[in-house]
Amino acid sequence: MSPAIPPEIQTQILPSQDLSILELLKFPLPIIQKSLRHQLQPQDFFSTLKPTTFEIDTIRAAPVLPLSLLKQLEASIDLQQVSSILCPHAPSLVGAQLPTWVLAFWIEAARIWPVKSEWILAEEKLDARKKNGKRTGQTIGLVTCVFDALASLSWADKVKGFPGLVDIDILATYTTNNWLKDEHENQMLQLLECELTRTRNDEGVRIADTFLITKLMEIYGRPDHNDHYLSAPNLAWLRNLGQELGNGVLDKLATIINIGQNHWVAVIVDFQCAEILHGDSLSGTIPAELEATLTWWTFHHTAQHFPIKKLPITQQRDGYSCGLLAWNALATRLLPDQHSLMDSMMVADERLKVLLQVIDRHHEKDYQFTFTKPLREKMPEYSTSATVTEDGIEHTSFANLPPVFIPPSRQLTPSSNSNVMHSHTATPTPTLPPGLTIPPLGPSTLPSQLVTPPPRQVAGTKRSAVDQTPERSLKSKPVQKIFKSAVQKVKSSIRNALELSKEAEDLGDNPKFGLLRYWSKGTAADKQAYFDREDERAENDRSEKDVAEKTVATDKKLHERDLAKRRQQKRRSLMKKREIKEGVHSPGSTKRKVR
Amino acid sequence: MSQEPEDVKPKLNLNIAFDGTQITVKVKANMKFAKIFEAAEKRFGKDPGMMMVVLASLLFQQLHVSAIGTLRFTYEGNRVQPTQTPAELEMEDGDQIDAFLQQFDL
């Protein structure tokens, strides 16, 4: 383990995590030594002599070693013997002895370089796009907006507001022609879902992430797929989704599917029109496995064969735009007023537009984080306030009502599936989001019932089909999860206070005060002490009872003895009187001899 | 009543399924998924943080990359975050997490 960099030096030689991406690009990092002149061993870098230089510029001038060699150095350094680090790989620094913390600096720099290189590539691409002869005013405007947005993002942050909590450098891909990965596709799907919600077009449409159909294909690939699908408790959520689609609670399932680990296609399973729409930007036909899976699944829940139809999609003219075009095909189909099929020559601009939307979404969530955290840290101040969440629902907290505090884990890890911001204020009467109704809890549907689904509702009345006995397992209830995310539970003040104190304890603060100590949950030691006390008391009780019993028995015995004694005296007295009367006994109590 | 709180919770057996293979991990309900994912990736032979290695390899050209891709984890169709815990997701003993290989495009 190499020694840590002194804090005052670290701020000078390593970029702070608060720096924006553009500031990171300006921050000087030592160059990377890609190849070494000859094979160097870890011992070649260690010296027992004291460091000769602490100058920042000299240390920055030393190239960073390859990460593999740095790890070897870190593993083999003996701080008892090694006092300084040599630079045999840098001709200009031969003989210079650097402090040992330079090793930690090199390792950190080697970890930051991949992030920086991503953004360097992005910057080059954006600059090139600005100078391109085919540029348009729109392109220049977009590039300017992207640079402005990059100045507002922290390079070490995570992308907030999306399913995957990924590093922010993944956004650099949008500015390049590199392949889009599942993280990007899921981000775009999340954007589409948000847009559907905000335009109130989300009724009956389920946007699924890129893994849903993969899961279905995995199930269908099993030889016992029917039995497995019907009986596996872990697939209850999937059966519920199928049932909601089959019953008419939902109309469409829209998603993007990865084909062969190298191509994205758009798919809309339209249960209302009983058809499967497949959009391939390379004009390919639907893969047989995918078709078989979707046909099996839809038949399972509707007892109908859904024909495969083409989803209108822009044809791809390059090797990297299928992910964007698949998303565009979905957006155009679901939101025809807001979207249209994009020009295949303008995909680079469209990628930048998506990037800006992703950054906007990130800032929305980032703002919520910074907004809620200080309020949570303070103790509650009861007052009337209104909070408008992003779904447009206004939550009002009334005076003298304790606010509902959200645990930090919930706040710091926003559920991407929840479009409802968890307000820090209590909602006295939780309201349902538009379009949602609470289905009554009914008996569980047997798996066998899934084979013969109930007939679909006619258009216009299908929303009432919510109450058509969706399958309910003990714990897998997607419908209820929607409510969980949409409706904020109002907890008791004691529970809230306890949760707060637990968080404070995790953070090392003084957790308990006043009544909280009384309501605290007992520790194992407390429980043991309680049981010991109870045992002792029981023992005491037992001994007291024994003594009492013994006393009673003794008293009873004495009493009986006394009674017996009295009886005996009485009997003797009577005998004496009788004997005196008969003349056997003299009145002076002297016994006369019987002759 | 006692004074100090203590979390004495039973461990959960969670199944993690990937590519037809299933493993079981025994975890505490309040353990972060980051640790669980790391263990699962090792068990499935997918080194955690492989993407960083790939990027580093582009720079240093010296690291050997044996496989490309990390795993994505979902529970009941929803993405599981490394910062979440089984307790947050109200997981129970025997619940299953699905793992998927990172997907690329053309």
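Everything quoted here is computed from the prediction, not taken from an experiment. (Residues numbered from 1 in each chain as written. Chains lettered and ligands numbered in written order. Predicted model: local features only at pLDDT ≥ 70, side-chain atom pairs only at ≥ 80, totals over all residues. Heavy atoms only, no water.)

1. Focus on the overall build of chain B
Turning to step 1, where the next piece is worked out: Check the secondary structure of chain B and you find 2 helices and 5 strands.
Turning to step 2, where the next piece is worked out: The secondary structure elements of chain B, listed N-terminal to C-terminal, are β-β-α-α-β-β-β.
Turning to step 3, where the next piece is worked out: When contacts within chain B are restricted to residue pairs at least 6 apart in sequence, long-range pairs at least 24 apart make up 58% of them.
Turning to step 4, where the next piece is worked out: For chain B, the exposed surface amounts to about 5,100 Å²; the carbon and sulfur share of it is 51%. (Helix = DSSP H or I, 4+ residues; strand = E, 2+ residues; numbered from the N terminus. Contact = heavy atoms within 4.5 Å. Areas by Shrake-Rupley, 256 points an atom, 1.4 Å probe, with all protein chains shown as cover.)

2. Brief notes about unusual backbone geometry
A negative phi angle is the norm for most residues apart from glycine, just as the trans form is the norm for most peptide bonds.
Turning to step 1, where the next piece is worked out: Of note in this structure, A303 of chain A is not a glycine but carries a positive phi near 60°.
Turning to step 2, where the next piece is worked out: With respect to the element layout, A303 of chain A can be found in the loop between helix 11 (288–302) and strand 8 (308–310).
Turning to step 3, where the next piece is worked out: Given the relative accessible area of 43%, A303 of chain A is considered partly exposed.
Turning to step 4, where the next piece is worked out: Phi is positive for E76 of chain B, close to 55°, though the residue is something other than glycine.
Turning to step 5, where the next piece is worked out: Given the relative accessible area of 10%, E76 of chain B is considered buried. (Buried < 20%, exposed > 50% of the residue type's maximum accessible area, 1.4 Å probe, protein only.)

3. Regarding the nonpolar core
Residue and element names in this part refer to chain A.
Turning to step 1, where the next piece is worked out: Counting 96 residues, the largest nonpolar core has L70, F105, W106, W119, L171, L192 and L330 as the members making the most contacts within it.
Turning to step 2, where the next piece is worked out: Among the elements that make up this core, the one with the highest residue count is helix 5 (residues 102–131) (14 residues).
Turning to step 3, where the next piece is worked out: Residues from two domains meet in this core; each of domain 1 (7–127) and domain 2 (157–369) gives at least three.
Turning to step 4, where the next piece is worked out: Apart from the residues lying within four places of it in its own chain, the contact partners of L192 are I207, W327, L330, A331, L334 and L335. (Core = buried A, V, L, I, M, F, W, Y, C linked by side-chain atoms within 4.5 Å. Domains from an automatic or database assignment.)

4. Details of the confidence of the model for chain A
Low pLDDT marks regions whose predicted coordinates should not be analysed in detail.
All names here are of chain A.
Turning to step 1, where the next piece is worked out: In the predicted model, chain A carries a mean pLDDT of 78, and 73% of its residues have values of at least 70.
Turning to step 2, where the next piece is worked out: Helix 14 (residues 408–412) is the least confidently modelled element of chain A, averaging 37 in pLDDT, while strand 7 (residues 275–279) averages 96, the highest of any element.
Turning to step 3, where the next piece is worked out: Contacts from residues 371–455, a stretch scored under 50 in pLDDT, to residues over four places away or in other chains number 162 contacts.
Turning to step 4, where the next piece is worked out: Confidence over residues 457–487 falls short of pLDDT 50; this stretch has 77 contacts with residues more than four positions distant or in other chains. (pLDDT = per-residue confidence, 0-100.)

5. Considering the packing of aromatic side chains
Residues and elements named next belong to chain A.
Turning to step 1, where the next piece is worked out: Within this structure, the stated rule accounts for 9 aromatic pairs over all chains.
Turning to step 2, where the next piece is worked out: Relative to W296, the ring of Y229 has its centre 5.2 Å away and its plane inclined at 70°; by these criteria the two rings are edge-to-face. Of this pair, Y229 sits in helix 9 (residues 225–231) while W296 sits in helix 11, placing them 67 residues apart in sequence. Take Y229 and W296: they sit in the same class, and that class is buried.
Turning to step 3, where the next piece is worked out: Three or more aromatic residues joined by ring pairs make a cluster, and in this case those are Y220, Y229 and W296. (Phe/Tyr/Trp six-rings, centres within 6.5 Å; stacked < 30°, edge-to-face > 60°.)

6. Re the environment of A331 of chain A
Residues and elements named next belong to chain A.
Turning to step 1, where the next piece is worked out: Tracing the sequence through the fold places A331 in helix 12 (residues 322–334).
Turning to step 2, where the next piece is worked out: Overall, A331 belongs to the buried group, its relative accessible area being 0%.
Turning to step 3, where the next piece is worked out: Measuring from C-alpha to C-alpha, the distance between A331 and L196 comes to 9.1 Å, with 135 residues separating the pair along the chain.
Turning to step 4, where the next piece is worked out: The residues touching A331, leaving out its near neighbours within four places in the chain, are L192, P336 and H339.

7. What about the sheet that holds strand 6 (residues 263–270) of chain A?
Sheet strands pair via backbone hydrogen bonds, and the direction of the pair is either parallel or antiparallel.
Residues and elements named next belong to chain A.
Turning to step 1, where the next piece is worked out: Ordered by their spatial adjacency, 5 strands build an open sheet running 4-5-6-7-8, and the pairing between neighbours is mixed. Of all strands in the sheet, those bounded by a partner on one side alone are strand 4 (205–207) and strand 8. Direction aside, neighbouring strands of the sheet carry axes that sit 25° apart on average. (Pairing = 2+ DSSP bridges. Axes fitted to C-alpha atoms, helices over the stretch in contact; angles between N-to-C directions.)

8. Points about the pairing of strand 3 (residues 71–75) of chain B
Residue and element names in this part refer to chain B.
Turning to step 1, where the next piece is worked out: With 5 of its 5 residues buried, strand 3 lies for the most part within the structure.
Turning to step 2, where the next piece is worked out: Pairing between strand 3 and strand 5 (residues 96–101): 4 bridges, direction antiparallel. Paired with T74 across the strands is D98, a residue of strand 5.
Turning to step 3, where the next piece is worked out: Bridge count between strand 3 and strand 4 (residues 78–79): 2 bridges; the pairing is antiparallel. The residue of strand 4 that forms the bridge with Y75 is N78.
Turning to step 4, where the next piece is worked out: Taking the residues that link successive antiparallel strands as the turn, the strand 3-strand 4 hairpin has 2 residues, and the phi of E76 there is positive, at about 55°.

9. Here we look at the packing of helix 10 (residues 236–247) of chain A against helix 11 of chain A
All names here are of chain A.
Turning to step 1, where the next piece is worked out: It is at 9 Å that the axes of helix 10 and helix 11 come closest, and there the two elements cross at 65°. Viewed along their axes, helix 10 and helix 11 adopt a mutual orientation that is roughly perpendicular. Classified by chirality, the crossing of helix 11 by helix 10 is right-handed. Contacts between helix 10 and helix 11 involve L238, R239, L241, G242, Q243, L245 and G246 from the former and W297, H301 and T302 from the latter.
Turning to step 2, where the next piece is worked out: Taken together, the residues that form the contact of helix 10 with helix 11 break down as 4 nonpolar, 5 polar and 1 charged. (Parallel < 35°, antiparallel > 145°, perpendicular 65-115°, else oblique. Left-handed = near helix turned anticlockwise from the far one by under 90°. Nonpolar A, V, L, I, M, F, W, Y, C, P; charged D, E, K, R; others polar.)

10. Let's talk about the environment of A292 of chain A
Turning to step 1, where the next piece is worked out: Here A292 of chain A shows up in helix 11.
Turning to step 2, where the next piece is worked out: Spatially, the C-alpha atom of A292 of chain A lies 8.8 Å from that of M217 of chain A, the residues being 75 residues apart in sequence.

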